[in-house]
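A look at the structure
Chain by chain, the residues run as shown.
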Amino acid sequence: MCTTASSIKFVKMFDMKRKPVIFLTLALITTLMQSCNNENALLKTERILLTSESGDKIAEKENVRFIKGIADGNVIVVEPEQIKQTIDGIGSSFTESSAFVLAHLGPERRAEVMKALFSEEGANFSLTRTHIGACDFSVEGKYSYADMKGDTALESFSLDPDLAGFSVSKYPGIVDEHYDLLPMIKEALHIKNRQNDSLLRIVASAWTAPSWMKDIEDWYIPGSPENNYQGTGGSLKKEYEETYARYLIRYLDACREQGIGIWGITPVNEPHGNNGSWESMHFTPETQNEFIKKYLGPALKESDHSQVKLLIYDQNRDGLEHWTDVILGDPETAEYVYGTAVHWYESTFKVYEDVFERVNAKFPDHAILHTEGCIDDLGKPAPAGITDPEKFTEENWFKNDSFWWNPNATDWGYTAPWQGVIQEDHPIYTPVHRYARNIIVSIDHWLRGWIDWNAVLDHNGGPNHVGNFCGAPVMINTETKEVYYTPVYYILAQFSKTIRPGDRAVATNKNAEGLDPDAIHACATINEANLLTVQLLNTTKEEIRFSLQVKDQYAEMVSEANSLKTIQIQL
């Protein structure tokens, strides 16, 4: 009960000569009065940030006061007492392609881009990813760190492919011949270290084992119309399972020798394969389970890298439940596993939050992390969208914010010939909406971390050694040296700056019966200082008036048209 009357009576019971007791009691009165004031105080937003189609880029907006009561109409209800999962971070990825593009800039211009990605003043990305050996976003591809056939002792192991740089004689636009994937990671770590920020967590994924360890003894075999596009990346030979586990441990050793700590690792990227489109290697849930249980799990546990987080799967969300049932359902394997990595490519709009809910209910002690998502197949024609991929002007995505804020993008499944594709799941989409919707809905349904793919690409969406061009937060014309921070950069930066590692997700509910279900999305997190952060996406072309309900108070607000709004409240 919040009253001072009984406290005052309590003081009068004492002899006035007992001054120490009086002083202590007065201090108690002051504390009780402050508690009363806090209970009766009205909330006020601490900060409101906005990124929108109309031109706002993480812009600060006027704060709003709350009033007592229960709101009606369109209401976003945040329940800060219902604490959920701990956040691991938000960020993007280091790839050889990103490093290659940055090597076209001088040190000062490059430092500006890297600070925009990793400094506190910039996006402050905290959770990142990189590839172990070649991937599609390698300049030439088809390499590992132990390419000597039959080298089971891994005596030839070397990270040199990621340190060698790019020759100006071979690539005339290169400015810094020594810049490469590992120097890029080191530059990011240097930025973090200068601001005494150790929060740069790196997840490493191999697209494939060295080719000689696989049954096809090649990096991949492309599909073709003659075989219904059913190419393959091959599978790990049984006799090399233990060798491949040691290969991954050796990678962790070599990175540490370079001053790079790896936070998490996956056995392979996209174990379902990609029809032989680029480097890949197949696992089934059963074969990955055995590989982890017998080889990789024990190897990690017995190494100096026992704290590295082991993540399973690393492919599309629709397959998450089956993989977790098999691997996390095996108690011998589950003890080695931190969580499950997922991608978003099975649909341009679905988040699969129902799958997240079921998996979390069964395996609440294991994390779910999104480790890859991007605007893939950039340049493919779409009605009312891109019509001429040869023109990188205002008609397309480079230096054209309108492309990113409107339904102009298509993905691999839009007109794909692959068997089993449900094309209704792959309609034309708005890039910004896909990012913000996926992050918000995922965090509201148990996701702990979200990583974008390729922090930097060129104005074409590459380089990519198999022509799989994609969008990125930062795109750079390697000929003119123009740097373009896409709207996706500002969206990711707004999330990353306001959702930090260690924050906890809290429950939200939405009452918006008169609106389309996709019109507005919300999630919320809270930090140790009791700062509540609410994220709101408005996918419509009209402002939406709503009330934000926190406990027994609410504030009347506006969600601007086509925008991401972040609201922070000190509780």
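Scroll up to find the structure.
Residues numbered from 1 in each chain as written. Predicted model: local features only at pLDDT ≥ 70, side-chain atom pairs only at ≥ 80, totals over all residues. Heavy atoms only, no water.

For the protein chain, the helix and strand inventory stands at 13 helices and 22 strands. In the protein chain, once contacts between residues fewer than 6 apart in sequence are set aside, the share between residues at least 24 apart is 73%. (Helix = DSSP H or I, 4+ residues; strand = E, 2+ residues; numbered from the N terminus. Contact = heavy atoms within 4.5 Å.)

Here we come to the layout of surface pockets. Roughly 1,200 Å³ of volume is contained in the largest pocket. With three residues, strand β10 (residues 309-316) is the single largest residue contributor to the lining of the largest pocket. As a volume, the second largest pocket reaches approximately 280 Å³. Around the second largest pocket sit 17 residues that line it, and Glu353, Val441, His445, Lys510 and His521 are the ones nearest its centre. Listed by contribution, the elements that provide at least two residues to the lining of the second largest pocket are α12 (431-443), β17 (504-511) and β18 (520-526). Among the residues forming the lining of the second largest pocket, the class breakdown is seven nonpolar, four polar and six charged. (1 Å grid on protein atoms, 1.4 Å probe; cavity = no way out; pocket = protein on both sides within 12 Å on 5 of 7 lines; lining within 4 Å. Points joined across faces, edges and corners; volume = space filled by probe spheres on them. Nonpolar A, V, L, I, M, F, W, Y, C, P; charged D, E, K, R; others polar.)

Attention now moves to empty space enclosed by the protein. Over the atoms, a rolled probe matching the size of one water molecule traces out where space is still vacant. Inspection of every chain in the model, using the stated rule, returns two cavities of 30 Å³ or more. Considering only enclosed or pocket space, the largest cavity measures out at about 40 Å³ in volume. Taken together, Trp344, Ser347, Thr348, Phe349, Lys350, Val351, Arg434, Arg437 and Asn438 form the lining of the largest cavity. Grouping the constituent residues of the lining of the largest cavity by class yields three nonpolar, three polar and three charged. Computed from the structure, the second largest cavity encloses a volume of approximately 30 Å³. If you go around the second largest cavity, you meet eleven residues; those closest to its centre are Asp377, Leu378, Gly379, Ala409 and Thr410. Here the lining of the second largest cavity is built from residues that sort into five nonpolar, three polar and three charged.

Further remarks concern the pairing of strand β20 (residues 544-550). Side-chain direction in a regular strand flips from residue to residue, so the side chains alternate between the two faces of the sheet. With six of its seven residues buried, β20 lies for the most part within the structure. Summarising the sheet, strand β4 (residues 75-86) and β20 pair through four bridges and their orientation is parallel. Across the sheet, residue valine 78 finds its bridge partner in β20, namely valine 550. The pairing of β20 with strand β21 (residues 553-559) spans seven bridges and is classified as antiparallel. Directly across from arginine 545, in β21, lies its bridge partner valine 558. As consecutive antiparallel partners, β20 and β21 are separated by two residues, and within that stretch lysine 551 has a phi angle of approximately 55°, a positive value. (Buried < 20%, exposed > 50% of the residue type's maximum accessible area, 1.4 Å probe, protein only. Pairing = 2+ DSSP bridges.)

A few words on the nonpolar core. By size, the foremost hydrophobic cluster in this structure holds 130 residues, and its most contacted members are Leu117, Tyr244, Tyr247 and Tyr251. Broken down by element, the residue count for this core peaks at nine residues, all from helix α6 (residues 241-257). Apart from the residues lying within four places of it in its own chain, the contact partners of tyrosine 247 are Ile132, Ser144, Tyr145, Ala146, Leu154, Phe157, Pro210 and Met213. Residues Leu532, Leu536, Ala555 and Ile569 belong to the second largest nonpolar core, which totals 22 residues. (Core = buried A, V, L, I, M, F, W, Y, C linked by side-chain atoms within 4.5 Å.)

Moving on, we get to the sheet that holds strand β14 (residues 456-458). With mixed pairing, the three strands of this open sheet are ordered in space as β14-β15-β16. The open sheet has two free edges, formed respectively by β14 and β16 (483-485), since each of these has just one partner strand. The average undirected angle you get between the axes of adjacent strands in this sheet is 25°. Where strand β15 (residues 474-476) and β16 come together, three bridges link them in antiparallel fashion. Across the sheet, the residue bridging to valine 474 is tyrosine 485, located in β16. Lying on the sheet, helix α4 (residues 107-118) is in contact with β14, β15 and β16; it crosses β16 at an angle near 10°. (Axes fitted to C-alpha atoms, helices over the stretch in contact; angles between N-to-C directions.)

As a packed pair, helix α7 (residues 285-302) and helix α8 (residues 320-327) sit with axes 9 Å apart at the nearest point and diverge in direction by 40°. By the angle between their axes, α7 is oblique relative to α8. The way α7 lies across α8 gives a crossing that is right-handed. Residues Pro285, Glu286, Gln288 and Asn289 of α7 pack against His322, Trp323, Val326 and Ile327 of α8. Among the residues making up the contact of α7 with α8, the classes are represented as four nonpolar, three polar and one charged. (Parallel < 35°, antiparallel > 145°, perpendicular 65-115°, else oblique. Left-handed = near helix turned anticlockwise from the far one by under 90°.)

The next subject is the sheet that holds strand β2 (residues 59-61). With respect to topology, ten strands assemble into an open sheet ordered β2-β1-β22-β19-β18-β17-β4-β20-β21-β3, the strand pairing being mixed. Sheet topology places β2 and β3 (67-68) at the edges, where each strand pairs with a single neighbour. Bridge count between β17 and β18: three bridges; the pairing is antiparallel. If you follow valine 506 over to β18, its bridge partner there is alanine 524.

Right, let's get into the pattern of salt bridges. One pass over the full model with this rule turns up 30 salt bridges. Across the pair glutamate 112 and arginine 109 runs a salt bridge, and its minimum N-O distance is 4.0 Å. Taken together, the positions of glutamate 112 and arginine 109, both in helix α4 and three residues apart, correspond to about one turn of that helix. Residues aspartate 314 and arginine 129 are paired through a salt bridge, measuring 3.0 Å at the closest nitrogen-oxygen approach. (Salt bridge = Lys/Arg side-chain N within 4 Å of Asp/Glu carboxyl O.)

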